[in-house]
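A look at the structure
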Amino acid sequence: MTSRRVVTLAEFGRPDVMSVVSEELPVPMPGEVRVRHSAIGFNFIDIYQRKGIYPLPLPTGLGFEAAGVVDALGAGVTGIRTGDRVAYMNAGVGAYTDLRNVPADKLVALPDTVSDAAAATLLFKGMTAQYLLRKTHAVQANDLLLVHSAAGGVGQILTRWATALGATVVGTTGSPRKREAALAAGCVDVVDLNDPDWPQAFLAATGGRKARVVYDAVGKDTLIRSLDCAAPFGLVVCYGASSGKAPAVDPELLNKKGCLFLTRPSVFPHNADAATFRANAADLFDAIARGHVTVDIGGRFSLEEIVEAHRAAEERRIGGAILITP
Ligand SMILES: NC(=O)c1ccc[n+]([C@@H]2O[C@H](COP(=O)([O-])OP(=O)(O)OC[C@H]3O[C@@H](n4cnc5c(N)ncnc54)[C@H](OP(=O)(O)O)[C@@H]3O)[C@@H](O)[C@H]2O)c1
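Residues numbered from 1 in each chain as written. Predicted model: local features only at pLDDT ≥ 70, side-chain atom pairs only at ≥ 80, totals over all residues. Heavy atoms only, no water.

Our next topic: the site of the ligand. The local shell around the ligand holds 25 residues, among which Y131, V154, K178, Y239 and V267 are the closest. Here G153 contributes a backbone N or O atom positioned 2.9 Å from an oxygen atom of the ligand. The separation between an oxygen atom of the ligand and a polar side-chain atom of K178 is 2.7 Å. Within the complex, 90% of the 900 Å² of free accessible area of the ligand lies under protein. For the shell around the ligand, the element with the most residues is helix α2 (residues 116-136), which contributes three residues. Per-class residue counts for the shell around the ligand are eleven nonpolar, eleven polar and three charged. When residues of the shell around the ligand are assigned to domains, at least three map to each of domain 1 (2-122 + 270-325) and domain 2 (141-263). (Near = heavy atom within 4 Å. Polar contact = N/O pair within 3.5 Å; in protein donor to acceptor, adjacent residues only side chain to side chain. Areas by Shrake-Rupley, 256 points an atom, 1.4 Å probe, with all protein chains shown as cover. Helix = DSSP H or I, 4+ residues; strand = E, 2+ residues; numbered from the N terminus. Nonpolar A, V, L, I, M, F, W, Y, C, P; charged D, E, K, R; others polar. Domains from an automatic or database assignment.)

Here it is as structure tokens:
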């Protein structure tokens, strides 16, 4: 047994339902690896889970991703050694801690080109961008893309990477103060979602051309009007619900709006087995090494400041990623 500090919640609700407790961590089971975290990632899904929008059995930990050093090995683990630098993003909730046992097949070794802080802030969001621009649609040079929340965590990575592939990206943000971050990520123009006629503003920005793909993780507030921004036979990707769950869409509406395609994908099935996860991670690490994906850490919080970190994210005060240090 080794003692650790871990964020836990016994009920769903506001940020202050979370608290940090000390507890004993058992030795790693066969096939598991004990990882001493040096950096922990924050993702918007953590808020949905804290609120019970995506309910978890209680009491529960939170957090999907972290990076650190291998501290101990369970029986039967091969290919990983004590002292290796590793990261993960798909091992179930519970990353908000300084020490955790993780199944070995959920870990990826970190190359020297990727720091622990970069891995913990980029892996979940970067792997999301990876499947969105490789699998959901294979982004091509000259594609016109509309990326909502282009100054956000996934939004900035998606914009940078798609731009590096030669696509043209118009972004949206929820406040003019995030405009510069969206432009710095590569957007050719940025539409303010507070404009009641933002789809028209998008078309004005593109000279009337509609998008090959609309990437929409805002959901409730935007999805229906995102359909107006997609070109005939274009794709609308509803991959999140930052403003609330997206409304149901009548298939007939997709016909009327131009024989559109609509999908609701998730990062987890795209990385379900170890070989695919590590191949996708290698693609992300290559994009990082080439400078196509960079880290933008907008806020740093200790584990003890986790309540404040969630408040800042929910109040949309932070552009870029949030890093939590144990
Ligand atoms: N399906 C998947 O595989 C997958 C994987 C990872 C993340 N996601 C989703 O992708 C989205 C982005 O995740 P992230 O971690 O990178 O978060 P984020 O973009 O850094 O933060 C969410 C952003 O949503 C925007 N937003 C719009 N309406 C909002 C509202 N009513 N309340 C709060 N924020 C609102 C805000 O940007 P503005 O102020 O600029 O509008 C905010 O910065 C989330 O919906 C997340 O669940 C999906």
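With that out of the way, let us pick up the side chain of T128. Its location among the elements puts T128 in helix α2. The exposure class of T128 is buried, given its relative accessible area of 6%. The contact partners of T128, leaving out residues within four places of it in the chain, are V154, Y239 and V267. (Buried < 20%, exposed > 50% of the residue type's maximum accessible area, 1.4 Å probe, protein only. Contact = heavy atoms within 4.5 Å.)

For the rest of this paragraph, the subject is the domain arrangement of the protein chain. According to the domain assignment, the protein chain consists of domain 1 (2-122 + 270-325) and domain 2 (141-263). Summarising the inter-unit geometry, the C-alpha centres of domain 1 and domain 2 are found 28 Å apart. At the junction of the two partners, domain 1 supplies 15 residues and domain 2 supplies 13 residues. Interface area, domain 1 with domain 2, both sides summed: about 1,100 Å², of which 54% is carbon and sulfur. Three residues stand out in domain 1 for area buried against domain 2, namely Y48, H292 and R316, and they jointly supply 37% of the buried area on that side. Between the two partners, domain 1 and domain 2, sit zero salt bridges. In this structure, the connection of domain 1 to domain 2 is made through six residue pairs in polar contact (both at pLDDT 80 or more). Where the side of domain 1 that touches domain 2 is concerned, the elements lending two or more residues are α1 (44-51) and α8 (274-289). Residue contributions to the side of domain 1 that touches domain 2 peak at three residues, all from α8. Of the residues that constitute the side of domain 1 that touches domain 2, the class distribution is seven nonpolar, four polar and four charged. (Buried area = accessible area lost by both parts, 1.4 Å probe. Salt bridge = Lys/Arg side-chain N within 4 Å of Asp/Glu carboxyl O.)

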